[in-house]
Amino acid sequence: MRFADSDYPALFLGANTASSEAKSAYMNLTKSTLVLLVVGAGLAAASTVTNSGRSAFAITSALVIAGSVFLTIYLKATKPEQLWYGGRAVAESVKSMTWRYMMGAEPYFIGLSLAEADKALISGFSSIAKERKHLAPALGGKFFELPQISKAMRAIRSGTLEERKSIYLSERIKNQRKWYSQQASVNRSAENRYFAFILVCQFCALSAAILLVSHPDSKTKLTGLFTSLASALIAWLQLNQHKELAQSYCVTELDLGLVQEQAQYIQNDRDLSDFVGDAENAISREHTLWTARRDRA
């Protein structure tokens, strides 16, 4: 049996969508701010090269930099990163609780009646929503009419021990390990790529500075442009935290692999509950570390 994203609770779907949209807004605004700063530096450098268009270049440079100031103020005022982090925290918590419910893991033990398990799960969702009540306007949207406990969730919970175990291994453990492995590779490549770009910009800035030393009367003054470009790339690299994410994803993928090895010893519902708890705790640790790094950034 497959478990699709659309089978998750409405709270997860709303939080996941809101977080993704807020992340895109935050990243795009930040990227635009950095680009405008670099363009402003480039126009300022161009104004020193030509006499005929000096004023036009200088004025345009000032307007572009003013645009970056406006975006910075707008970013500070709207704070999309708060919805990004908060929405992700809600989505990951609900996702973990959903899998615990479907597997009959603590605290939604398979021995509970369906009504008792449903009540406990909804109570957990309610607690999460109350903790993040400032995000409530953004977490509903087009998903408000969907159920918090889908038919697929109840169907999986009602399955046999072997059926639930098989679904958890394939739809949760395997998928998460694959995702962590892919993301670790993507972030390692991105970190190396940006590091190379930064070095090139720094060497260009150094070359431009040496050129001014040897030719002090030269109108070509590009040191500021390449320095701004290098600084923008460094800021973008720090924002994305590619190196830290790659390391964290590798560690979590390894942890899940070690947990997966214990699946062969599952003999009863209590064993499955403990197994699911270990796996969900490993995933939770990764997200907790991610949130902590973002809060420090």
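Let me begin by describing the structure that accompanies this report. Note that the coordinates shown come from a computational prediction; the quantities given were computed from them, not determined experimentally.

## Some thoughts on the packing of aromatic side chains
Consideration 1: Under the definition given, this model contains 13 aromatic pairs.
Consideration 2: An angle of 40 degrees between the planes, with centres 4.6 Å apart, marks the rings of Tyr 8 and Phe 12 as tilted. For the pair shown, Tyr 8 and Phe 12 are each scored as buried.
Consideration 3: Ring geometry for Tyr 194 versus Phe 197: centroids 6.4 Å apart, planes at 85 degrees, classification edge-to-face. Here Tyr 194 and its partner Phe 197 are both found in helix 7 (residues 161-214), three residues apart, which amounts to about one turn of the helix.
Consideration 4: The buried category is assigned to Tyr 194, whose relative accessible area is 19%.
Consideration 5: Under the relative-accessibility criterion, Phe 197 is labelled partly exposed at 41%.
Consideration 6: Site record: aromatic cluster; members linked through ring pairs are Phe 3, Tyr 8, Phe 12, Trp 99, Tyr 168 and Phe 275.
Consideration 7: Across the ring face of Tyr 101, the terminal group of Arg 157 is positioned such that the distance to the ring centre comes to 5.0 Å.

## Thoughts on the pattern of salt bridges
Consideration 1: In the structure shown here, the tally under the stated rule is seven salt bridges.
Consideration 2: Among the ionic pairs, Arg 154 bridges to Asp 118, the shortest N-O distance being 2.8 Å. On the criterion of sequence distance, the pair formed by Arg 154 in helix 6 (residues 151-157) and Asp 118 in helix 4 (residues 114-131) is long-range, its members being 36 residues apart.
Consideration 3: Judged by relative accessible area, Asp 118 falls into the buried class, the value being 12%.
Consideration 4: Arg 164 is the partner of Asp 269 in a salt bridge, and the nearest nitrogen-oxygen pair spans 2.8 Å. Of this pair, Asp 269 sits in helix 10 (residues 269-296) while Arg 164 sits in helix 7, placing them 105 residues apart in sequence.
Consideration 5: Taking the relative accessible area as the measure of exposure, Asp 269 reaches 29% and is therefore partly exposed.

Calculation notes
- Residues numbered from 1 in each chain as written.
- Predicted model: local features only at pLDDT ≥ 70, side-chain atom pairs only at ≥ 80, totals over all residues.
- Heavy atoms only, no water.
- Phe/Tyr/Trp six-rings, centres within 6.5 Å; stacked < 30°, edge-to-face > 60°.
- Buried < 20%, exposed > 50% of the residue type's maximum accessible area, 1.4 Å probe, protein only.
- Helix = DSSP H or I, 4+ residues; strand = E, 2+ residues; numbered from the N terminus.
- Lys NZ or Arg CZ within 6 Å of the ring centre and 35° of its normal.
- Salt bridge = Lys/Arg side-chain N within 4 Å of Asp/Glu carboxyl O.

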